[in-house]
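Chain and residue survey
Chain by chain, the residues:
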Amino acid sequence: MKLPIKRPSRDVYSWDPFDEIRRMQEHMEQMLRTFPALENRYVSETLSPLTDVAEEDNRVIVTTDLPGTDRENVELSLRDNFLVISAAKGKEEETEKEGYLRKERSFMRYYREIPLPEGVTEEGATAQLKNGVLTVTLPKTKPVTGRRIQIE
């Protein structure tokens, strides 16, 4: 009587733990691509701050959270109908206690390009940074309305 010989599975010998890590990384990247807001906000070293854009009859109001940022470290520009917000903040802390010195530094950058509707101009624009909230008000020019042409 011959018993069947059970051979070990080749999967055990060919299993690569790094292959599992690569597959997990691909899965996480796929998830971030599914939710682009997460990718922009958490993957890069530069944070993309949360922003609200409100359009009224004669102006556009952009509100952005920039916590802990000083007015001197914020740059605003209007390029190709995009409002570009660039900001940085840094902090250095030093503590000396019982014979040892502790030094900590942190640095953070914010960058965001906000598409604006047609007809927005930088002339007469105002910006205010109060309690970590940046509010930019941009006036809109009067839209050019065409006249109707009658067919004879």
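Residues numbered from 1 in each chain as written. Predicted model: local features only at pLDDT ≥ 70, side-chain atom pairs only at ≥ 80, totals over all residues. Heavy atoms only, no water.

Comments concerning the sheet that holds strand β2 (residues 51-55)
Here we have four strands laid out as an open sheet, ordered β2-β3-β8-β7, and antiparallel in their pairing. Edge positions in the open sheet fall to β2 and β7 (126-130), since each of these has one partner strand only. Within the sheet, the average angular offset between the axes of one strand and its neighbour, ignoring direction, is 15°. Of the pairings in the sheet, the one linking β2 to strand β3 (residues 59-65) comprises five bridges and is antiparallel in character. Paired with Asp-52 across the two strands is Thr-63, which belongs to β3. (Pairing = 2+ DSSP bridges. Helix = DSSP H or I, 4+ residues; strand = E, 2+ residues; numbered from the N terminus. Axes fitted to C-alpha atoms, helices over the stretch in contact; angles between N-to-C directions.)

A look at the sheet that holds strand β6 (residues 100-115)
Adjacent strands of a sheet form backbone hydrogen bonds with each other and so pair up, either parallel or antiparallel. Spatially, the four strands line up as an open sheet ordered β1-β6-β5-β4, and their pairing is mixed. Each having just a single partner strand, β1 (46-47) and β4 (74-79) make up the two edges of the open sheet. The pairing of strand β5 (residues 82-97) with β6 spans 16 bridges and is antiparallel. In the strand pairing of β6, Leu-83 is matched with Ile-114.

As for the environment of Glu-75
In this structure, Glu-75 sits in strand β4. In the structure, Glu-75 is positioned 10 residues away from Ile-85 in sequence and 6.0 Å away in space, judged by C-alpha atoms. Not counting chain neighbours up to four residues away, the residues in contact with Glu-75 comprise Val-84, Ile-85 and Ser-86. (Contact = heavy atoms within 4.5 Å.)

Remarks on the nonpolar core
Ranked by size, the top nonpolar core spans 14 residues in total, and within it Val-62, Leu-66, Leu-83 and Leu-116 carry the most contacts. Of all the secondary-structure elements, those providing two or more residues to this core are β3, β5, β6 and β8 (133-139). Residues contacting Leu-116, with those up to four places away along its chain left out, are Val-60, Val-62, Leu-78, Asn-81, Phe-82, Leu-83 and Leu-138. (Core = buried A, V, L, I, M, F, W, Y, C linked by side-chain atoms within 4.5 Å. Buried < 20%, exposed > 50% of the residue type's maximum accessible area, 1.4 Å probe, protein only.)

Points about a nonpolar patch on the surface
There is a patch of nonpolar side chains on the surface, built from Met-24, Met-28 and Met-31 and spanning about 290 Å² of accessible area. By the element assignment, Met-28 lies in helix α2 (residues 17-34). For Met-28, a relative accessible area of 43% corresponds to the partly exposed category. (Patch = residues over 30% accessible without salt bridge, like charges linked within 9 Å, V, L, I, M, F, W, Y side chains within 5 Å. Areas by Shrake-Rupley, 256 points an atom, 1.4 Å probe, with all protein chains shown as cover. Salt bridge = Lys/Arg side-chain N within 4 Å of Asp/Glu carboxyl O.)

Quick notes on unusual backbone geometry
For Asp-80, which is not glycine, the phi dihedral falls at a positive 50°. Within the fold, Asp-80 resides in the loop between β4 and β5. A positive phi is found at Asn-81, a non-glycine position, where the angle reads about 65°. Counting through the fold element by element, Asn-81 comes out in the loop between β4 and β5. For Asn-81, a relative accessible area of 22% puts it in the partly exposed group.

Topic: the pairing of β8
Most of β8 sits out of view: five of its seven residues are buried. Pairing geometry for β3 and β8, over seven bridges, is antiparallel. Residue Ile-61 lies in a different strand from β8, and its bridge partner there is Thr-137. Pairing of β7 with β8, which is carried by five bridges, proceeds in the antiparallel orientation. Bridge pairing in β8 links Lys-130 to Val-133.

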